[in-house]
Every structure is written in structure tokens, then in C-alpha cells.
Amino acid sequence: MSQLVLVLDFGGQYKELIATTVRSLSVRSEIRQGDISADEVKRISPVGIILTGGPNSVNLQTSPKCDPELFNLNIPVLGICYGMQMICHMLGGEVVSADAGEYGCVLVTPSEYSGMLGVSGPFNALMSHRDSVSRLPDGFTATAYTDNCIAACQNTERRLYGVQFHPETKSTDGGREIIRRFLYDICGACGDYTLDDYIDIQVKQIRHIVGNNRALLALSGGVDSSVCAALLSKAIPGQLTCIFVDHGFMRQGEGDEIQGVFAKKNLNFIRVNAQDRFLAKIKGVTDPETKRRLIGEEFIRVFEEESAKQGDIPFLAQGTIYPDIVESGGGYGATIKSHHNVGGLPDNLSFTAIIEPLSGLFKDEVRRLGKKLGLPSKLVNRQPFPGPGLAIRIMGEVTAKKLDTIRNADAILREELDRRKNRPDQYFAVLTDTLTVGVKGDDRTYDPVVALRAVTTGDFMTCQYTPLPHRLLHRVSSRITSEISSVSRVVYDITSKPPGTVEWE
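Per chain, the residues get numbers from 1 upward, laid out in the order the sequence is written. Only residues with pLDDT of at least 70 get local features here, since the model is predicted, and only at 80 or more are side-chain atom pairs given and counted; chain-wide, interface and lining totals rely on the full set of residues. Think of the side-chain values as coming from all heavy atoms in the structure, minus any hydrogens and water.

1. Details of helix α6 (residues 223-235)
One full turn of an α-helix is made of 3.6 residues, so residues set three or four places apart face in the same direction. The following threshold applies: Where helices and strands are cited, they refer to DSSP runs of H or I of at least four residues and of E of at least two residues respectively, numbered from the N terminus. Given a helix with a known number of residues, its expected span is that number minus one, times 1.5 Å. Using a 1.4 Å probe on the protein chains alone, a residue whose accessible area is under 20% of its type maximum counts as buried, one over 50% counts as exposed, and one in between counts as partly exposed.
Counted at 1.5 Å a residue, the expected span for α6 with its 13 residues is 18 Å, and the 18 Å between its end C-alpha atoms agrees. Within α6, 11 of the 13 residues are buried, which leaves it mostly tucked inside the rest of the structure. The complete set of buried residues in α6 reads Val223, Asp224, Ser225, Ser226, Val227, Cys228, Ala229, Ala230, Leu231, Leu232 and Ala235.

Shown next as C-alpha cells:
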């Protein structure tokens, strides 16, 4: 068995991104609850421990804490954000709540004792905190600062390290190298883990769970469900039925395109046209969370019905990946938004179990996994698309007319951007519920605003808006307002994540 680094979870939304970064550096990682006992940690015998961030304040009696004996095991520990605050708080330092927090990219200046940071000059790092360490415990040295806080610290004798920023995100300059130094220079990792190990482990687990039974896969045609199909086909060939539910919220021509691709594959492909059913299900609904849950429940009901037609298939498979789960809450984390295949699942499922072999991976890992499983690059690199589709790209109530409008606007944006060599990682249009006055010809208009969104990201947990050329934006805006009679105004979203999310709902 390869060496292991434990990632102890205290509710940080980036916990799986930490684990993913560790794995991408060829070191196996596992996420465990933050209150795991020191005795259990000794039994597992990791080469290192990383404490995640979290939404709580360490000064609250009810906030999650680790076993204090963890710091006496002589196992290197790296605390990130809340993790650093917790180390300092539990070992006699002081953490205070500031009047104003630090959110987004902040300039960090290392001290002459930069240690694990391994840098000599200032760098930008992603911060997301209000509390900060005001006094370090005995034996600790500050290794970096911002204008407002101690940004990093260490106790080399006890092999305890802390960073207030998030090195696991791509927004932190050199963050990956900081984690690499912790793994190799401090933990002594040898780098004996590969993604092939993940495939082998999942194949064995799927075979053990399914046995000689059959599984039903919700195939959307997107990257996640397609890679899931490839992995399941490898694990249980001949036992998989893939059902594509066309809920009517797909992009222009997408339903037929998906059918054209997968109907040729060596699997049992079934298309269910349920456009009217889904539209009726969310009629009059304006709350985004309610939309997601209703769509999620309707998905399951359709799968149950199709399962019965197929002879009661006991297992439901989904292409759920980790960003879906972390944003839907759970553990110590806060719910950001429920995903149709996570927070939308009803309690009274008729399936024996749900299989989600990609739930420990992020989008970039899923793409690499797909290539290893032999999927074509065109499919693996497909533009991400949420399960509820255009229903959550329409603010307020969803109607057939609004779907036509946003479908056409989205198609124009994608057509223009698809011509570019260097495209954003994700781009789409949103039909807002804001009406504005316009003029077309000699007539006054009062129509909804279309918002355009394009982001650059690798992990889809954070992103930067893509600064598209004004000439391109002008062309897209002109086409949308000229070709779609019900749109007179187009705006461009320049918000990054955080504080926003990729999707609007």
C-alpha cells in the first residue's frame, strides 16, 4: 500500500481540493473527520496530516477541534486557514476576530524564516477569513505576514506548520509548490501513488458491490457521466444500462447530439423524452434551491420507472464529482447550493444503493481519468453543464418561451467562443429576471437582461472571470439583440469565485 497523508476535515469547502492536490503530487490522500482520535491516526500511520479550513471560529466552545494528542505524535502537521488558527489556539496562542476580514487574493510577504514557504519575495495568496492569529504559541515563529495578519507560522522542532491562506487553490501563487515541500521535504514522501491506483480501487469496489446484478446509469452526455460510464463498463461489462433523460433543459441540439454519440457505443442506451413532465414539475417555482430539488426528485422517479421496465435494476450509478457534494453541504460545511444529484435526492429511493465512483475527484482529475479509460479528447474536454441545465440559468420561473430565449442566446455565445483557440474553461448565458427599457426601431421595449459568463479555472472550486476582448463582447451582444426579438440588453459578469459561484443559481 502506498504512503498516505490524512486530510482532516473541519468543514472547509476546499478539503477535497487539498486531497486532490496531494494526489496530483503522487501521494495518496484520504479525508477523515477532524475529530478522529490520535490512537486511530497512529493505527493508520500517515506520513503527514493536513488540517482543513472551516466556517467556524476556534473561540467558540462548540466549534470542531482535533484530538490535542495529534500534536504529540511526531507526525508533520500542516494547518490551513481554520487549521492554522486551531493549532495556535489549542497550543496556547491567541486568535481574534477582526472588524474586517480578508477575502480574495491578498499580498503575502514572507519573513527571513520563510521555512516551508520556500520563497524570498511577496506573492499573492487566496484568503477567506475574518478570524486571525494575534499571538503565536511558545516555540512558534511567524514566517509570513499580510498587512492585517500573521499569514504563516511554524514550529520546526515539533514539525507543526500553519498557513492562513489557501495554497491548495490555483489563485495562490506557488501554492502547489508549498504543498509539495510539505509532502517531500517535511513528511519525507516518496511519491508512490498514481491515478491508475484510483481506477483499480474503484473497479474492485464496484465489482464487490454490484456482483452479478445490473446497474442503471444516469447518462447526461457530459464529462462526468461519460467517464462514469467508461469506468462502470470496465468494472461490470454487460451489466450496465445507460438512460439519458431529455428534460427539455438542454442546450441547442444537445439531446440529438448525445443520442448520436452514445447510441453507437457498446452499451444499452435508452433515451427518455420527458420535456413536458419536467416543465410541469417546476411550473411557478422561482426559488433556485426548490428548482434543483424538484428536478433531482423527478430524475430519480424517471430512473425508477425505467428500472422497473428493465426488470428492477437494483443499483443506480451517478457521475457525481466532489464539487457537487461539497457545495451541497454535509459534515461541518455550509450548504452553498444543492445539486440535483446530491441535495435533490429524495429519502424514499427504491434502489438498493447508489454508486458514485467519481465522488472523490475534481473535474481536472475526471478528465485525466477519462483519457486513461480511452475516451476521445472531444468528449473528455466537453464544456461543463449542470444537471438541471438551463432551468438554473433562468432566473425566476421557467417557461417554454424563456427556454427558447436562453437557448438561442447561449448558442450564439458558444458559437462565437468556439471559434477561438484559447477558450475559457466555461462560458454560458443567463436569462435574468431584471427588466429594462430598450428601443428597437421606433418601438419601446421592456425585456429581461441577458448576462454572459466566462471563467478560467482548473478545479471549479475557485475561478477568475475571463477578460474577453471588448470587440468579441460587442459582436456577441449585437447578435443576441438582433437575432432574439425579446432581448434588448446584454451585460457581462466580471465576478470571480469567491465571492460568487460559477453558476448564478
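2. Here we look at the pairing of strand β2 (residues 28-33)
Stated precisely, the cut-off is as follows: Pairing between two strands is assigned when DSSP locates at least 2 bridges connecting them. The definition of a right-handed crossover adopted here requires that, viewed with the strands pointing away, the path from the first strand over the helix to the second runs clockwise.
The pairing of strand β1 (residues 4-9) with β2 spans six bridges and is classified as parallel. Paired with Asp9 across the strands is Gln33, a residue of β2. As for the winding sense of the linkage, the β-α-β connection from β1 through helix α1 (residues 15-24) to β2 is right-handed.

3. Focus on unusual backbone geometry
Note on backbone geometry: most residues besides glycine have negative phi, and most peptide bonds are trans. Following Lys497, the chain continues into Pro498 via a peptide bond in cis, with omega recorded as -5°. Tracing the sequence through the fold places Pro498 in the segment after β18 (490-492). The step from Pro498 to Pro499 runs through a cis peptide bond, and the omega angle for that step is 15°. Secondary-structure assignment places Pro499 in the segment after β18. The phi angle at Ser26 is positive, at roughly 70°, despite the residue not being glycine.

4. Topic: the environment of Gly121
Inspection of the secondary structure assignment puts Gly121 in the loop between β5 (94-110) and β6 (123-135). Given a relative accessible area of 26%, Gly121 falls into the partly exposed group. In sequence terms Gly121 and Thr109 are 12 residues apart; their C-alpha atoms lie 6.5 Å from each other.

5. Brief notes about the packing of aromatic side chains
Let me state the cut-off plainly: Pairing of aromatic rings covers Phe, Tyr and Trp, the last counted by its six-membered ring, and requires centre-to-centre distances within 6.5 Å; plane angles under 30 degrees mean stacked, over 60 mean edge-to-face, and any other angle means tilted.
By the definition in use, this model includes five aromatic pairs. Ring centres of Phe123 and Phe165 lie 5.6 Å apart, and the angle between their planes is 80°; this geometry places the pair in the edge-to-face category. One end of the pair, Phe123, is in strand β6; the other, Phe165, is in the loop between β9 (160-163) and α4 (175-186), with 42 residues separating them in the sequence. Phe165 sits in the buried class, given a relative accessible area of 0%. Ring geometry for Phe249 versus Phe278: centroids 6.4 Å apart, planes at 85°, classification edge-to-face. With Phe249 in the loop between β11 (240-246) and α7 (254-262) and Phe278 in helix α8 (residues 275-281), this residue pair connects regions lying 29 residues apart in the sequence. The pair Phe249 / Phe278 is uniform in exposure class, with both members buried. Cluster of aromatic residues (ring-pair linked, three or more members): Phe249, Phe278 and Phe299.

6. A look at the nonpolar core
Selection rule: We call a set of buried Ala, Val, Leu, Ile, Met, Phe, Trp, Tyr and Cys residues a nonpolar core when their side-chain atoms join them within 4.5 Å. In this description, contact between two residues means that some pair of their heavy atoms is separated by no more than 4.5 Å.
Counting 44 residues, the largest nonpolar core has Val245, Phe303, Val450, Leu452 and Ile480 as the members making the most contacts within it. For this core, the elements supplying multiple residues, two or more each, are β10 (215-218), β11, β12 (268-273), α9 (288-309), α13 (400-417), β15 (426-440), β16 (443-456) and α14 (470-483). Excluding its chain neighbours within four sequence positions, the residues that come into contact with Leu452 are Leu413, Phe428, Ala429, Leu473, Val476, Ile480, Val490, Val491, Tyr492 and Asp493. Formed by 38 residues, the second largest nonpolar core is a distinct cluster that contains Leu195, Ile199, Val210 and Leu375.

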